[in-house]
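Residue strings, one per chain:
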Amino acid sequence: MSNENPMQMINDFRKRIAKGEDVSDEELKVAIKRLHDFRNQAEASSNTKSKTTAAKKAATPKLTKAEAKGLLEDLL
Amino acid sequence: MKDLLPEGHVPFLFPKTLDNTILSTWSTCKRKAFFAHLLHLHPKNLSIHLKAGAAYAAALESFRVSYWDASLPTFKDAEASMLIAFRTLLKEYGYESDSQVEFEDSTNKGCWRMAEALVRHFQSQFIPTSDAVRPWLVDGKPAVEYSFSMEFPIQNPDTKEPILYHGRFDMIAEFQGGLFAYDDKTTSQLGVTWMNQWDTRSQFTGYCAGSRQQGLKLDGVIVRGHCFLKGDVKFAECISHRKDWQLDEWEGDAHEATRMFIAYYERAKAALEAGEDKFFLYRLFPAEGKFNGACDSYSGCPFKELCLAQHPQRYLDRYRIRVWDPTNPGDD
């Protein structure tokens, strides 16, 4: 539980509550604290995240015209 | 003739109680009002915006009641009130399936985003001890989920009793010595357009008019926007005043809209009694949304696929019957 991000924690709580299980006040307090602190941490790491995303997009393979034509012929 | 409408449909009657939802729908598009409030059609798939908004509103309300009700052990205990609000959010949002989780997490209104907004609202943005906007206290209890009903000087065409107009808002708030209707609004963007839209909003003028009829003078409305962006939650506040002449004008307009709704209803009722199929009465209600852009406003009209089809009866299996009751909006 201690290493989970807020999204995982909330979804875990929802599943348990839907099953009729108890979620203790202590667990909720940890989630509330983490949600309170989450945005600051997210903002601090936002630059790194956007660079990673950009790099992934650039690495997407693309078909050349000849490859696309060959693929189409195979399909037909 | 085979019944075209979904199972459980109800007699063709004019609504006994109106509210802003019904009258604004009528004023926007007569056909939409026919589908929603005379046939009582409702899309089978509930919008995540509605579900998430309802859960979030319930959580905000539970915090306010817990924190401000002097008879409760959580009175002025922000931590205990937050725990109660948090549990309310989780319970109301619910959990149905793994596929739903995947969908929710990809939207700005996933449960954890709502939880984040709830925490930031009361712990960072509008901290109860310093918030200038406070619930109005009546006998030590906060006036949250305030509702009223007022009679219109118009007879219901079926029962011949006065038409009722019902309003319900998040709370009556005290601010700088005045009383205001208070409403929380979730949104996807804030800015000048968001701020400027409330001065003429019939929903809020109706709140003030209804409260005035009950002897409670409100100065206007306080609207707080809770904005769910992709990577952030932001808040805004708008204070919009209402004068008596505006309330008088609203009453006149609301009565006129009601009379027109009744006139169209009575024409349709006569056609039904003459043998027309109930569903095909839609032809007597103009699709005004196609003229004024309402089909695509907000998240889109739920009846758009009916209006796009030459034979809309083929799509009725995508709808169920749900009678909208202004006095009990949570009843489904």
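Everything below is about the structure shown above.
Conventions adopted
Residues numbered from 1 in each chain as written. Chains lettered and ligands numbered in written order. Predicted model: local features only at pLDDT ≥ 70, side-chain atom pairs only at ≥ 80, totals over all residues. Heavy atoms only, no water. Helix = DSSP H or I, 4+ residues; strand = E, 2+ residues; numbered from the N terminus. Buried < 20%, exposed > 50% of the residue type's maximum accessible area, 1.4 Å probe, protein only. Areas by Shrake-Rupley, 256 points an atom, 1.4 Å probe, with all protein chains shown as cover. Phe/Tyr/Trp six-rings, centres within 6.5 Å; stacked < 30°, edge-to-face > 60°. Lys NZ or Arg CZ within 6 Å of the ring centre and 35° of its normal. Contact = heavy atoms within 4.5 Å. Pairing = 2+ DSSP bridges. Expected span 1.5 Å × (residues − 1). Axes fitted to C-alpha atoms, helices over the stretch in contact; angles between N-to-C directions. Parallel < 35°, antiparallel > 145°, perpendicular 65-115°, else oblique. Left-handed = near helix turned anticlockwise from the far one by under 90°. Nonpolar A, V, L, I, M, F, W, Y, C, P; charged D, E, K, R; others polar. Buried area = accessible area lost by both parts, 1.4 Å probe. Salt bridge = Lys/Arg side-chain N within 4 Å of Asp/Glu carboxyl O. Polar contact = N/O pair within 3.5 Å; in protein donor to acceptor, adjacent residues only side chain to side chain.

S.K.: Can you lay out the overall build of chain A for me, pointing to particular residues and giving the numbers?
M.R.: Along chain A, the regular secondary structure elements total four helices and zero strands. Its helices and strands in sequence order give chain A the pattern α-α-α-α, from N to C terminus. The burial tally for chain A puts 20% of its 76 residues in the buried class. Of the accessible surface of chain A, which amounts to about 5,700 Å², a share of 55% is contributed by carbon and sulfur atoms.

S.K.: Can you explain the packing of aromatic side chains? Please cite residues and give values.
M.R.: Residues and elements named next belong to chain B. Taken as a whole and assessed by the stated rule, the structure comprises 32 aromatic pairs over all chains. Relative to Phe 285, the ring of Phe 34 lies with its centre 4.6 Å away and its plane at 25°, an arrangement referred to as stacked. Residue Phe 34 is located in helix H2 (residues 30–38), and its partner Phe 285 is located in the loop between helix H9 (244–273) and helix H10 (289–292); the two are separated by 251 residues in the primary sequence. Taking the relative accessible area as the measure of exposure, Phe 34 reaches 0% and is therefore buried. With a centroid separation of 5.5 Å and 15° between ring planes, the pair formed by Phe 152 and Tyr 165 is classed as stacked. Taken together, the residues Phe 152 in strand S6 (residues 144–155) and Tyr 165 in strand S7 (residues 162–175) connect sequence positions 13 residues apart. Across this residue pair, the class does not change: Phe 152 and Tyr 165 are buried. A cation sits over an aromatic face here: Lys 30 above Tyr 264, 5.5 Å from the ring centre. The positively charged end of Arg 113 is found above the aromatic ring belonging to Trp 112, 5.7 Å away from the centroid.

S.K.: Talk me through the environment of Lys29(A); I want residue IDs and the actual numbers.
M.R.: With respect to the helices and strands, the residue Lys29(A) is situated in helix H2 (residues 25–44). The contact partners of Lys29(A), leaving out residues within four places of it in the chain, are Glu79(B) and Leu83(B).

S.K.: Help me get a handle on the pairing of S7(B), residues and values and all.
M.R.: Residues and elements named next belong to chain B. Among the 14 residues in S7, ten count as buried, and that is most of the element. In this sheet, S7 lies alongside strand S3 (residues 134–135) in antiparallel orientation, the contact comprising two bridges. What sits directly across from Pro 135, in S7, is Ala 173. Looking at chain direction, S7 and strand S8 (residues 178–187) are connected through five bridges and run antiparallel. Considered in S8, the bridge of Ile 172 is made with Ala 181. Hairpin geometry of S7 and S8 is characterised by an intervening segment of two residues between the two adjacent antiparallel strands and by a positive phi of about 50° at Gln 176.

S.K.: A description of helix H1 (residues 6–18) of chain A should follow, citing residues and the corresponding values.
M.R.: Residue and element names in this part refer to chain A. Its 13 residues give H1 an end-to-end C-alpha distance of 18 Å, which sits within 8% of 18 Å, the value for a rise of 1.5 Å per residue. Here H1 has its buried residues at Pro 6, Met 9, Ile 10, Asn 11, Phe 13, Arg 14 and Arg 16. Downstream of H1 by one or two residues, Gly 20 has phi in the positive range, about 90°.

S.K.: If you had to explain the packing of helix H1 (residues 20–28) of chain B against H9(B) to someone new, which residues and values would you point to?
M.R.: Between two packed helices, what matters for the description is the angle formed by their axes and the separation of those axes. All names here are of chain B. Running from N to C, H1 and H9 point in directions that differ by 70°, and their axes come no closer than 10 Å. As the angle between them shows, H1 and H9 are arranged roughly perpendicular. Viewed along their axes, H1 and H9 form a crossing whose handedness is left-handed. Only Ala 254, Ala 257, Thr 258, Met 260, Phe 261 and Tyr 264 of H9 make contact with H1, whose side of the interface consists of Ile 22, Leu 23, Trp 26 and Ser 27. Each residue belonging to the contact of H1 with H9 can be placed in one class, and the counts come to eight nonpolar, two polar and no charged.

S.K.: Residue-level account of the pairing of strand S10 (residues 233–241) of chain B, with values.
M.R.: Residues and elements named next belong to chain B. In terms of strand pairing, strand S9 (residues 220–228) meets S10 through nine bridges, oriented antiparallel. Paired with Gly 220 across the two strands is His 241, which belongs to S10. Counting the residues that bridge the hairpin from S9 to S10 gives four residues.

S.K.: Outline unusual backbone geometry, listing residues and values.
M.R.: Residues and elements named next belong to chain B. The phi angle at His 40 is positive, at roughly 65°, despite the residue not being glycine. Here His 40 shows up in the loop between H2 and strand S2 (41–43). Even without being a glycine, Gln 176 presents a positive backbone phi close to 50°. Mapped onto the elements, Gln 176 comes out in the loop between S7 and S8.

S.K.: Got a sec to walk through helix H6 (residues 111–125) of chain B? Specific residues and values, please.
M.R.: Because each turn of an α-helix spans 3.6 residues, side chains separated by three or four positions end up pointing in the same direction. All names here are of chain B. Over its 15 residues, H6 extends 20 Å from the first C-alpha to the last, a length consistent with the 21 Å expected when each residue adds 1.5 Å. Counting buried positions over the 15 residues of H6 gives twelve, a clear majority of the element. Every buried residue belonging to H6 is among Cys 111, Trp 112, Arg 113, Met 114, Ala 115, Glu 116, Ala 117, Leu 118, Val 119, Arg 120, His 121 and Phe 122, and all of these are buried.

S.K.: Quick rundown of the interface of chain A and chain B? Include the residues and the values.
M.R.: On the side of chain B, 25 residues touch chain A, which itself brings 21 residues to the contact. Approximately 2,100 Å² of surface area, both sides summed, lies buried where chain A meets chain B, with 67% of it carried by carbon and sulfur atoms. Three residues stand out in chain A for area buried against chain B, namely Arg14(A), Ile32(A) and Arg39(A), and they jointly supply 33% of the buried area on that side. Here chain A and chain B share one salt bridge between them. Of the charged contacts in the structure, one is a salt bridge between Arg87(B) and Asp25(A), with a shortest N-O distance of 2.7 Å. On inspection of chain A and its partner chain B, the count reaches four residue pairs in polar contact (both at pLDDT 80 or more). Elements with a contribution of two residues or more to the side of chain A that touches chain B: H1 and H2 of chain A. Here the side of chain A that touches chain B is composed, by residue class, of twelve nonpolar, three polar and six charged.

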